[in-house]
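# Observations on the three-dimensional arrangement
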Amino acid sequence: MKKIAVLGATGSIGASALAVIARHPDRFRASVLAAHRKVDELVALCARFRPDLAVIADAALETALRDQLAAAGLPTRAAAGMQALNQAASGELCDTVVGAIVGAAGLESTLAAARAGKRLLLANKESVVMAGALLLDAVRAGGGELIPVDSEHNAIFQCLPHPPRAVDVERLPGGRPDLVEAGVRRILLTASGGPFRGQGRADLAAVTPAQACAHPKWNMGRKISVDSATLMNKGLEVIEAHWLFGATPAQIEVVVHPQSLVHSLVEYADGSVLAQLGNPDMRTALAHALAWPRRIEAGVAALDLVQSGALQFEAPDRDTFRCLDLAYRALAAGGTAPTVLNAANEVAVAAFLKGSLPFLAIAELIEATLDAISAEPVGGIEHLIHVDLTARRMAQRKMRQGFC
Ligand code: NDP
């Protein structure tokens, strides 16, 4: 019986993780559930899953959480604040952590779980983008495992050759054999193209948050939905693939595949291309990561290839969706540049969702912030947190100044 902490339990990935956990009560138990501010939803999940501990990251909501758990007659203990979250991710109550917090807010708990040697099922791509090297060091030092949950990276993981114990740090950069030695020529990351695929810049000048969040294939949280619409999601995933699989930027290619059935591919030296296919449903990646190296039922409908029809592949429109190249630029600059990219993106997306920044200005603001802050070698986690804050302030200042 695995004891699972679901950080970001009230979100879209949290729901998929809990759906798989609920299907397998003989294998998994949700022992810790954590959220940011949605106390009511967290308590409802506690009533269903009866975890040992519920954590609300906003410390001001501790009493509300405690009172509601007591009113519902639940035995679940309550804790609050970021430190409690980190303790929950690294403590005795779990052996597996689903990292499903959105944004840089997930960094510290992800690192805490890695240092503590947990099996880390990681959806929070922003923590890899910000702190790839530190995270891998933490996994190595903790002696645990990292299994990618992001559907593309989970697909790549499935298409790569597995050493006998797989997923652990032997597979990660610095630890795993070089990709070339393994015969890998390229990693092909598929992208749906988002809701605005095929549109030009003139069409996108006045798009609304509701339009940007209406993803044609995936039902996701609002931040990642906007990232998918700008193609920054794919840019973040390029950086994520660099760290997780030790691939150089030149080895990672993005291909638009609007049907979202091929979740990514790996090309080998002999010309073979291995792909992972399935219906677009995150329960597949979560079931794979939860049960690895076994396979379990995820509750996902079988893929009907005859019904699904033709599969299309096309090059991304890099002129309209400039965020993809900004991510490649940050990856090439290295050091703290991906942290700056991520912070500026989070500020820009939040402003767009509030209606105070036009869609096309998201890329412009990120570019202006990258221009203003030079990349430095990463000094450690405190340094990265400082850079993250500096980049957020810079992005906000640029917004006030109209990007001058
Ligand atoms: P959602 O917005 O649906 O959920 C986010 C979760 O994080 C919620 O539980 C939220 O709590 C919690 N949260 C937000 N801020 C904080 C904070 N400061 N401290 C603690 N918890 C916090 O996001 P998604 O599930 O869509 O995405 C989660 C992560 O997974 C992202 O990094 C995303 O890129 C990645 N991902 C998502 C996919 C998807 O299909 N959704 C696919 C692949 C990757 P509350 O509800 O209380 O606000």
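Read on for an overview of the structure. (Residues numbered from 1 in each chain as written. Predicted model: local features only at pLDDT ≥ 70, side-chain atom pairs only at ≥ 80, totals over all residues. Heavy atoms only, no water.)

## What about the sheet that holds strand β8 (residues 184–191)?
With respect to topology, 4 strands assemble into an open sheet ordered β9-β8-β10-β11, the strand pairing being mixed. Either end of the sheet is taken by a strand with one partner, and the two such strands are β9 (252–256) and β11 (273–277). Looking at each pair of strands side by side, their axes are set apart by 20° on average, direction ignored. Here strand β10 (residues 262–268) runs beside β11; their pairing, made up of 5 bridges, is antiparallel. Of the residues in β11, the one forming a bridge with E267 is V273. Contacting β8 and β9, helix α11 (residues 232–245) crosses the sheet at an angle of about 150° to β8. (Pairing = 2+ DSSP bridges. Helix = DSSP H or I, 4+ residues; strand = E, 2+ residues; numbered from the N terminus. Axes fitted to C-alpha atoms, helices over the stretch in contact; angles between N-to-C directions. Contact = heavy atoms within 4.5 Å.)

## Brief notes about empty space enclosed by the protein
Across all of its chains, the model carries 4 cavities of 30 Å³ or more by this definition. Space inside the largest cavity adds up to approximately 70 Å³. Surrounding the largest cavity, R201, T230, T320, F321, R322, C323, F359, L360, I362 and A363 form its lining. Looking at the lining of the largest cavity residue by residue, the classes come out as 6 nonpolar, 2 polar and 2 charged. (1 Å grid on protein atoms, 1.4 Å probe; cavity = no way out; pocket = protein on both sides within 12 Å on 5 of 7 lines; lining within 4 Å. Points joined across faces, edges and corners; volume = space filled by probe spheres on them. Nonpolar A, V, L, I, M, F, W, Y, C, P; charged D, E, K, R; others polar.)

## A few points about the layout of surface pockets
Quantified by volume, the second largest pocket comes out at close to 240 Å³. Contributing to the lining of the second largest pocket are 16 residues, with T284, I296, A298, V300 and A301 lying nearest its centre. Element by element, the count of residues in the lining of the second largest pocket is highest for helix α12 (residues 282–291), at 3 residues. Split into classes, the residues belonging to the lining of the second largest pocket amount to 8 nonpolar, 5 polar and 3 charged.

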